[in-house]
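# Understanding the architecture of this molecule
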Amino acid sequence: MTATGTGAGTPRRRPNVVVVLLDDVGWGAAGTFGGPIRTPTLDAMRAEGLAYNRFHTTAICSPTRAALLTGRDAHAAGVGTVLNSANAHPGYEGVLRPECATVAEILRQHGYSTACVGKWHLAPPWESSQAGPFDRWPTGQGFEKFYGFLGGETHQYQPTLYEGTAPVEPPDTPGYHLTEDLVDQSIRWIRMQHAMTPDRPFFLYLAPGATHAPLHVPAEWSERYRGRFAHGWDAERDAILARQIERGVVPEGTRTTPRPEEIPSWESLPDASAASPSASWRCTPASWSTPTSRSGG
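Residues numbered from 1 in each chain as written. Predicted model: local features only at pLDDT ≥ 70, side-chain atom pairs only at ≥ 80, totals over all residues. Heavy atoms only, no water.

Quick look at the overall build of the protein now. What the protein contains, in helices and strands, is six helices and eight strands. Across the protein, helices and strands are ordered from the amino to the carboxyl terminus as β-α-α-α-β-β-β-β-β-α-β-α-α-β. The buried share of the protein, reckoned over its 297 residues, is 37%. Intrachain contacts of the protein at a sequence separation of at least 6 include 63% that bridge at least 24 residues. Approximately 17100 Å² of the protein is accessible, and the part contributed by carbon and sulfur atoms is 57%. (Helix = DSSP H or I, 4+ residues; strand = E, 2+ residues; numbered from the N terminus. Buried < 20%, exposed > 50% of the residue type's maximum accessible area, 1.4 Å probe, protein only. Contact = heavy atoms within 4.5 Å. Areas by Shrake-Rupley, 256 points an atom, 1.4 Å probe, with all protein chains shown as cover.)

The next point concerns the packing of aromatic side chains. Scanning all chains against the criterion turns up nine aromatic pairs. Between the aromatic rings of Trp189 and Phe202, the centroid separation amounts to 5.8 Å while the plane-to-plane angle is 85°, which identifies the pairing as edge-to-face. Of this pair, Trp189 sits in helix 4 (residues 178–196) while Phe202 is found in strand 7 (residues 202–207), placing the two residues 13 residues apart along the sequence. Both residues of the pair, Trp189 and Phe202, belong to the buried class. Taken together, the ring pairs connect Trp120, Phe143, Phe203 and Tyr205 into an aromatic cluster. Note that Arg46 overlies the ring of Phe33, its terminal NZ or CZ placed 5.8 Å from the centroid. Its end group placed over the ring of Trp221, Arg224 keeps NZ or CZ at 3.8 Å from the ring centre. (Phe/Tyr/Trp six-rings, centres within 6.5 Å; stacked < 30°, edge-to-face > 60°. Lys NZ or Arg CZ within 6 Å of the ring centre and 35° of its normal.)

Another point: the pattern of salt bridges. This model, assessed by the stated rule, comprises eleven salt bridges. Its salt-bridge partner being Glu163, residue Lys145 comes within 3.0 Å of it at the nearest N-O pair. Within this pair, whereas Lys145 is found in strand 3 (residues 145–149), its partner Glu163 is found in strand 5 (residues 161–163), the two being separated by 18 residues in sequence. Put simply, Asp234 and Arg259 hold a salt bridge, and the shortest N to O gap is 2.9 Å. With Asp234 in helix 6 (residues 233–246) and Arg259 in the loop between helix 6 and strand 8 (293–294), the pair connects residues that are 25 residues apart, well separated along the chain. Under the relative-accessibility criterion, Arg259 is labelled partly exposed at 33%. One network of salt bridges, with partners in common, ties together Asp23, Arg65 and Lys119. (Salt bridge = Lys/Arg side-chain N within 4 Å of Asp/Glu carboxyl O.)

Moving on: the nonpolar core. Among the nonpolar cores identified, the biggest contains 23 residues, and Trp120, Leu122, Phe143, Phe203 and Tyr205 are the most heavily contacted of them. Broken down by secondary-structure element, the contributors of at least two residues to this core are helix 2 (61–70), helix 3 (103–109) and strand 7. Ranked by residues supplied to this core, first place goes to strand 7 with three residues. Beyond its immediate chain neighbours, meaning those up to four positions away, Phe143 contacts Leu69, Ala104, Thr114, Ala115, Cys116, Trp120, Pro138, Phe203 and Tyr205. Judged by nonpolar contacts, the second largest core, of 13 residues, contains Ala115, Leu178, Ile190 and Phe202. (Core = buried A, V, L, I, M, F, W, Y, C linked by side-chain atoms within 4.5 Å.)

Bringing helix 2 into the picture now. Of all the ten residues making up helix 2, nine are buried; the element is thus mostly covered by neighbouring parts of the structure. Elements that come into contact with the buried residues of helix 2 comprise helix 3, strand 2 (113–119) and strand 7. Gly71 lies just past helix 2 and shows a positive phi near 75°.

So, about helix 4. For helix 4, which comprises 19 residues, the first-to-last C-alpha distance of 27 Å matches the rise-based estimate of 27 Å (1.5 Å per residue) to within 8%. Taken together, the buried positions of helix 4 are occupied by Leu178, Asp181, Leu182, Gln185, Ser186, Trp189, Ile190 and Gln193. Within helix 4, the buried residues cover an arc of 165° as seen down the axis, which keeps them to one side. Facing away from the buried side of helix 4, by more than 90 degrees, are the exposed residues Arg191 and Ala195. At its buried positions, helix 4 is contacted by strand 2, strand 3, strand 4 (153–154), strand 5 and strand 7. (Expected span 1.5 Å × (residues − 1). Arc of directions from axis to C-beta.)

Counting buried positions over the six residues of strand 7 gives six, a clear majority of the element. Alternating residues of strand 7 divide into Phe202, Leu204 and Leu206 and Phe203, Tyr205 and Ala207, and every residue in both groups is buried. Sheet topology places strand 1 (residues 17–20) next to strand 7; four bridges connect them, and they run parallel. Bridge pairing in strand 7 links Val19 to Tyr205. (Pairing = 2+ DSSP bridges.)

Attention now goes to the side chain of Asp23. With respect to the secondary-structure elements, Asp23 resides in the loop between strand 1 and helix 1 (40–48). For Asp23, a relative accessible area of 3% gives the class buried. Reaching out from Asp23, the side chain makes a polar contact with the side chain of Lys119 at a distance of 3.2 Å. (Polar contact = N/O pair within 3.5 Å; in protein donor to acceptor, adjacent residues only side chain to side chain.)

Rendered as structure tokens:
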């Protein structure tokens, strides 16, 4: 999405940047990288661009976010562990250090419109109330717009949400789900940028709550995969690796890591042979729990 002027004195158009961060999703899950989940939009993007097979993750929420947004090691940024496990040890305080500016702050100072939509999980619990301070909320870290939730997770049907630094109620619409709301918010914001400031580049950071607990999957989506994984995790791992080798995601000769002893083989389970496409669990409105906003990893 870049265009560079070639004539003398011609200004360079700066690229728009969209970062989508998913929680707890192995890179072998998306169909784009050989996984079993259909991701046609990502497939189209890969066909027209680049796909990388390395990304450093700390395997827990807050540190990965701190590293991604600051470009620093998570410990250097002050967030070496998930925020609700922060402690007094250097690098584990759970407080973003002011000298580690986020990419949003840098881009904002260089003329970008900036927005954070979805999960934040970088504000210390003692700074996550309406009393503030708001320095480590998204709006204090370079984002002009924030719509989402502060903690590690929230209810997907009845979420605890903030607009800027003010609590807001989710839209009262039939079949509401947080993921769709966050995407709609992102689309509206981008359209507004194009309409009001078409020559100004934007940076959007979209971090859905889906794929992280609580796993509130709408029935229409779970139905699409009913029975798809009845063959068990061992066979699924082998199938994913085979597709990754075929597509060049990993080199020939790559082998799966040994299954941890703590995880039994699928075939050893007493009811493995009885696995049936009809045996499934779904989250429906009738199974909703009391709406909560927690700070899990």
